[in-house]
Each structure stands twice: as C-alpha cells, then as structure tokens.
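# Structural characterization, general
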Amino acid sequence: MEKLLSGKVAVVTGAGRGLGRAIALKLAAEGANLVVNYRSSEAETQKLIKEIEELGSKAVAVKADISKYDEAETIIKKALDEYGTVDILVNNAGITKDNLLLRMKEEDFDSVINVNLKGAFNCIKHTSRVMLKKKSGKIINISSVIGLIGNAGQVNYAAAKAGIIGMTKSVAKELASRGITVNAVAPGIIKSDMTDALTDKQRESIVAAVPLNKVGEAEDVANLVLFLASDLSSYITGQVINVDGGMVM
Ligand code: NAP
C-alpha cells in the first residue's frame, strides 16, 4: 500500500526529544524524508536519525536556535541542499519559563516569545518562499490549549501560544490561494520532559480537568500532525485542533 507521505520532505523543529521526536518518527514511518532540527539534544538527534533510517526514510540534522532569523534559515537551506525542496513544516520547538506575572522577569517573557512565536515566524518565512514557488505545502504549528484558555503562571507562554493561533489564521489566509494549508495543533497535557517537570500535585489537578482522565501521549499529537501533513486534510486550513482529552470544549 502507498504510504501517506511517500516522496515528501518534512522539516520538524525541536525534533530531538518529546513531541517533536514522535512527530518526526510518525512522518518518516509514512514515507517522508526528514530534516530534524535541534538546539542542544545532539546525541538524542543522532539516535533519532538512525531510527528514521531503520524505517526506510532519510534524515539529516541541523543544529540551530530557531529564535535567530539567520539560524532558522540554515534549516531550510539544508532541506534544499539535501532534497531540493520542502513540502511540510512542523513548528514544534518550544520552551516554558513559568512564573506569576509579579515575579516574571522581562527576559523570561522575551525568551519564551522569541522561541515559541518568533521562532515559528522565522521558519514559516524561510519555508514559504519554497512553498510559494511550488504552489503547495503544509505548515503545522504546535500551539497549546493554554493559548486558548490562559493559565496563571504562564503569561509569556499563553501569549506566545495565542500568538501562534493568530499567526496560523493570518498565514492561512495569505497562502491559501497558492495551495498551501496552515493549521495549528493545541495539545493539552502530554507526557514529555516539559510536563515531567510538573509536581505530582500539579499534574493531578490538571488531569482532574481532563474528561478522558489521563495524560496524553506524544503519539496522540503525532497522529494529528500526520493527518494535517497529508492530503487527507487537503480541504482544511486556518484551523486550531485540540489534542487534549476533552479538556477544552
Ligand atoms: P520538550 O520535551 O521540552 O522539548 C522541547 C523541544 O524544543 C526540544 O526538542 C528542544 O530542543 C526544542 N527547542 C527549545 N528551544 C529551541 C530553540 N531555540 N531552537 C530549536 N529548538 C528548540 O517539550 P515538548 O513537550 O515536546 O513540547 C513540544 C511542543 O509542544 C512545544 O511547542 C510545547 O509548547 C508544545 N506543547 C506541549 C505540551 C505538553 O503537554 N507536553 C502541551 C501543549 C503544547 P533541544 O532539546 O535540542 O534543546
């Protein structure tokens, strides 16, 4: 049977671990060749490349801080050098620097906006040139339910993730006529290093607000990203789809 993404080229930011890793493996398992970006997880990313190759797909790694415009460009350049194109961009990389507003330092606000929001802008900007020329492409931005409902202690993160949603809808409107779809995924609480940092009490109180009564798996997010990256979703653009066990409805 033909795989969903045979012959496609996908870029995943922050792919060395967590949701990005699961997304990269899922796209590779469906036939995509990958450019996997990392910032510090070098060993994990090399291991990921081997796993992707075992699935029968190709992968190359690019170390880059996506918050820096020129570094983000090196990721897309690598895709062009290696494969000659980019079909799918998954803006996954993200950080948290939580604190209540009164204690939040200006630099912690700036760094979360710079990585989570400006980083996605940088990658979209560089990728869109390629996609506009070929008149096709799929852009998937990882937002968060926190961007929809807010959260005490996450003013910076909520602002960045809400910003991602506004950016997704605007870029979707700008690029739709050129055959490019742009959608956002809003995970709830998903198992990863980011949520392993929560205390048991914090995790329990979040799960209590999840109708499906459990923490999600990275693969739950990866499954939706695969759908949005494939032609199965060709009439869907500008949407925000939650993967949150019913937390926000
Ligand atoms: P994670 O385990 O903390 O992984 C974060 C990833 O982002 C790492 O691969 C990291 O790369 C990369 N990264 C951070 N700063 C970067 C930068 N400046 N340039 C390039 N890469 C950078 O987090 P996760 O849980 O997998 O989260 C992935 C995405 O899902 C994030 O956007 C997050 O906000 C979103 N999300 C997660 C949850 C959840 O419950 N886990 C819920 C909602 C939304 P290195 O390790 O190489 O530094």
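Look up a bit, the structure's there.
Just so it is clear, the structure is predicted and the values come from calculations on it, not from any experiment. (Residues numbered from 1 in each chain as written. Predicted model: local features only at pLDDT ≥ 70, side-chain atom pairs only at ≥ 80, totals over all residues. Heavy atoms only, no water.)

### Observations regarding the overall build of the chain
Heads up, the condition is: For helices the rule is a DSSP run of H or I covering at least 4 residues; for strands it is a run of E covering at least 2, with both sets numbered from the N terminus onward. Only C-alpha atoms enter the radius of gyration, while the globule expectation follows 2.2 Å times N to the 0.38, with N the number of residues. Think of it in three bands: with a 1.4 Å probe and only protein chains considered, a residue is buried below 20% of the maximum accessible area for its type, exposed above 50%, and partly exposed in between. Residues count as neighbours in contact if any of their non-hydrogen atoms are within 4.5 Å of one another. Under the convention used here, a 1.4 Å probe and the Shrake-Rupley method define accessible areas, while residue burial counts only the protein chains that appear. The charged-residue count follows a simple rule in which Lys and Arg add positive charge and Asp and Glu add negative charge, with His and chain termini not counted at all. Where a charge sits is defined by one atom per residue type, namely NZ (Lys), CZ (Arg), CG (Asp) or CD (Glu).
Looking only at helices and strands, the chain features nine helices and seven strands. For 249 residues, the compact-globule estimate of 2.2 N^0.38 gives 18 Å, and the C-alpha radius of gyration of the chain, at 17 Å, lies within 12% of that figure. The principal-axis extent of the C-alpha atoms belonging to the chain is close to 50 × 40 × 35 Å. Across the 249 residues in the chain, those meeting the buried criterion constitute 49%. Sequence separation of at least 24 residues holds for 75% of the intrachain contacts in the chain that already meet a minimum separation of 6. With the model as given, the accessible surface of the chain reaches about 12,000 Å², and the carbon-plus-sulfur share is 52%. In the chain, 31 side chains carry a positive charge and 29 a negative one; their mean positions are 4 Å apart.

### A short note on the site of the ligand
For the record, the criterion: Residue proximity to a molecule or strand is established when one non-hydrogen atom of the residue lies within 4 Å of it. In protein, a polar contact requires one atom able to donate a hydrogen and another able to accept it; more generally it is a pair of N or O atoms within 3.5 Å, and residues adjacent in sequence count only if both atoms are side-chain atoms.
If you check the shell around the ligand, you find 30 residues, and the closest are Arg17, Ser40, Ser41, Tyr157 and Ser192. Between Gly14 and the ligand, the recorded distance is 3.0 Å, taken from a backbone N or O atom to an oxygen atom. Within the side chain of Arg17, a nitrogen or oxygen atom sits 2.6 Å from an oxygen atom of the ligand. Within the complex, 97% of the 890 Å² of free accessible area of the ligand lies under protein. With three residues, helix α7 (residues 193-196) is the largest single contributor of residues to the shell around the ligand.

### As for the sheet that holds strand β4 (residues 88-91)
Across a sheet, paired strands are connected by hydrogen bonds in the backbone, their directions being either parallel or antiparallel. Defined as follows: Two strands form a pair only when DSSP identifies at least two bridges running between them. Only the contacting stretch of a helix is used when fitting its axis, a line to C-alpha atoms as for every element, and angles between N-to-C directions run 0 to 180 degrees.
Taken together, seven strands build an open sheet; the order of strands is β3-β2-β1-β4-β5-β6-β7 and the sheet is parallel. Strands at the two margins of the open sheet, each flanked by one partner only, are β3 (59-63) and β7 (240-243). Between one strand axis and the next, the sheet turns through 20° on average, direction left out of account. Two elements, strand β5 (residues 137-142) and strand β6 (residues 180-187), share six bridges in a ladder whose sense is parallel. Residue pairing across strands places Ile142 opposite Val185, the latter belonging to β6. Helix-sheet contacts for helix α1 (residues 18-29) involve β1 (9-12), β2 (33-38), β4, β5 and β6, and the interaxial angle to β1 is about 175°.

### A few points about the packing of helix α3 (residues 69-83) against helix α4 (residues 106-134)
Angle between the axes and distance between the axes are the two parameters that describe a pair of packed helices. As a reminder of what qualifies: Each crossing gets its handedness from the near helix: less than a right angle anticlockwise from the far helix is left-handed, clockwise is right-handed. Put simply, Ala, Val, Leu, Ile, Met, Phe, Trp, Tyr, Cys and Pro go in the nonpolar bin, Asp, Glu, Lys and Arg in the charged bin, and everything else, Gly too, in the polar bin.
Two numbers describe how α3 lies on α4: the axes approach to 8 Å, and their chain directions differ by 35°. Handedness of the α3/α4 crossing: right-handed. Within the contact between the two elements, α3 uses Tyr69, Ala72, Glu73, Ile76 and Leu80 and α4 uses Phe121, Asn122, Cys123, Lys125, His126, Thr127, Arg129 and Val130. Residues belonging to the contact of α3 with α4 are distributed by class as follows: seven nonpolar, three polar and three charged.

### Some details on the nonpolar core
Keep this limit in mind: We define the nonpolar core as a collection of buried residues of types Ala, Val, Leu, Ile, Met, Phe, Trp, Tyr and Cys that are connected through side-chain atoms lying within 4.5 Å of one another.
Counting 38 residues, the largest nonpolar core has Val11, Val35, Ile75, Leu89 and Ile139 as its most contacted members. The set of elements that each furnish at least two residues to this core consists of β1, β3, α3, α4, α6 (155-175) and β6. Within the second largest apolar cluster, 33 residues are counted, among which are Ala22, Ala28, Leu34 and Ile140.

### So, the pairing of β6
Taken across its eight residues, β6 has eight buried, putting it largely inside the fold. A two-sided burial pattern is seen for β6, the buried positions comprising Ile180, Val182, Ala184 and Ala186 on one face and Thr181, Asn183, Val185 and Pro187 on the other. Pairing analysis gives four bridges linking β6 to β7, with the strands arranged parallel. Residue pairing in the sheet places Val185 in a bridge with Ile241 of β7.

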